[in-house]
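Coordinate analysis (summary)
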Amino acid sequence: NVFLFMAIPMAMVVAAGSVMQLAANSPMEAVAMQTLAMIFELFEYRTYLQGKTHVDKWMDRAKYASNLVLRRVRGNSAVAPASTAVQSEEAAQTAATASASVGARRDAVKLLTSLVVAMGIMEGAASAMTLGLFLMVPIQPSEVGEEPESTNRLLLLWFITFVFEVMVSEGSLAYLSQKWSRMFGESHFGDVVEVMKSETFSKKNQLVIGIVTICMVTYMHKVMIEALCPTPWNDTGKGLMSFSACCSEDGTPCDQYIDKDW
C-alpha cells in the first residue's frame, strides 16, 4: 500500500516528463532538459537509496544543527557530571534505540530502493508509449496551426531521451548503488541490482507496476491532447492535419487565424 501510494504520483511525473521531452522545440533544448533532469534525478535517487525522503533529509539536517547548538551551549555552561547509574541507564536506552532504528532503516532502504527501480521501469515504459502516441497520432504541441512532427525528428528526440534516462542515468545508478552499498552497508545504502533480483520484483509486483504505469501515462496523454486544438489542412480547410498548440492572448495571438476558413 505504501509502495502504491508513492508510485502513483511518481508515475504521473514520469509521464509528464516523457511528453515534455518529445514536445521540445529543438534537439538542443531536449539535450539541455535531459541533462538537468538527469542531474536532479541522480541526487534524488541517492537520497532514496539511503532510505530517506527529502523531508527526512531536511529533518536530519535540522536535528544535526539543533544538537550542534545544544553541545556548544552546554560546553559554555557548568554542568555537574552525571552519576554512574544514570550514565549506564542512558547508554542502555541509546543502544535499544539504535537497535530498533537499524531495523526500521533497513526496511526504509529496501522500500525506497524498490521505488527507484520502479521509477526506472516507468521511465522506459512512459517514453516508449509516448513515442508510439506521437508516431500514430498527428501531434504538434510546440507550434500553432502547424503540421505534426516528422518521424525522423521524433526518433531523434526519443533517442536523446533513451541515452540520458536509460543508458547514462540508470546505468550509472546501477554501478554506483552497488559500490555505495558495499562501502556503507546494506542497511545504509540500497543496491538496485540486488533488489531487482529479489522477491520484491516478482511477477505480481511487476504486473502492478505495469498497470500503474499504463494508467498514469494514458491519463497524461489524455490531458495533453485535451489541451491541444484540432487543426485542419491549410489548403482545403478540411480534414485533420494535426492536434497543435492553441492560439491565445497569452501566447500566440489568434488574429492571424481569423481570416482563414477554419
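To start, this report covers the structure provided alongside it. (Residues numbered from 1 in each chain as written. Predicted model: local features only at pLDDT ≥ 70, side-chain atom pairs only at ≥ 80, totals over all residues. Heavy atoms only, no water.)

Topic: the environment of Thr35
Summarising the element assignment, Thr35 is placed in helix H2 (residues 27-49). As a C-alpha pair, Thr35 and Glu165 span 130 residues in sequence and 9.4 Å in three-dimensional space. (Helix = DSSP H or I, 4+ residues; strand = E, 2+ residues; numbered from the N terminus.)

As for the packing of H2 against helix H5 (residues 151-184)
At a minimum axis distance of 10 Å, the contact between H2 and H5 shows a crossing angle of 25 degrees. Comparing the axis directions of H2 and H5 gives the class roughly parallel. In this structure, H2 crosses over H5, and the sense of that crossing is right-handed. (Axes fitted to C-alpha atoms, helices over the stretch in contact; angles between N-to-C directions. Parallel < 35°, antiparallel > 145°, perpendicular 65-115°, else oblique. Left-handed = near helix turned anticlockwise from the far one by under 90°.)

Examining the sheet that holds strand S3 (residues 240-245)
Pairing in this open sheet of three strands is mixed, and the strands run S1-S3-S2 from one edge to the other. The strands lining the two open edges of the sheet, one partner per strand, are strand S1 (139-144) and strand S2 (229-232). The sheet shows a mean angle of 50 degrees between the axes of neighbouring strands, direction not considered. Looking at chain direction, S2 and S3 are connected through four bridges and run antiparallel. (Pairing = 2+ DSSP bridges.)

Things to note about the state of the cysteines
All told, the structure shown has one disulfide when counted by the stated rule. At a sulfur-sulfur separation of 1.8 Å, the disulfide partner of Cys229 is Cys246. One disulfide, between Cys229 and Cys246, carries an S-S torsion of 115 degrees and so falls in the right-handed class. Here the residue Cys229 occupies a position in strand S2, and Cys246 occupies one in the segment after S3, the gap between them amounting to 17 residues. With relative accessibility at 29%, the residue Cys229 sits in the partly exposed group. (Disulfide = S-S within 2.5 Å. Buried < 20%, exposed > 50% of the residue type's maximum accessible area, 1.4 Å probe, protein only.)

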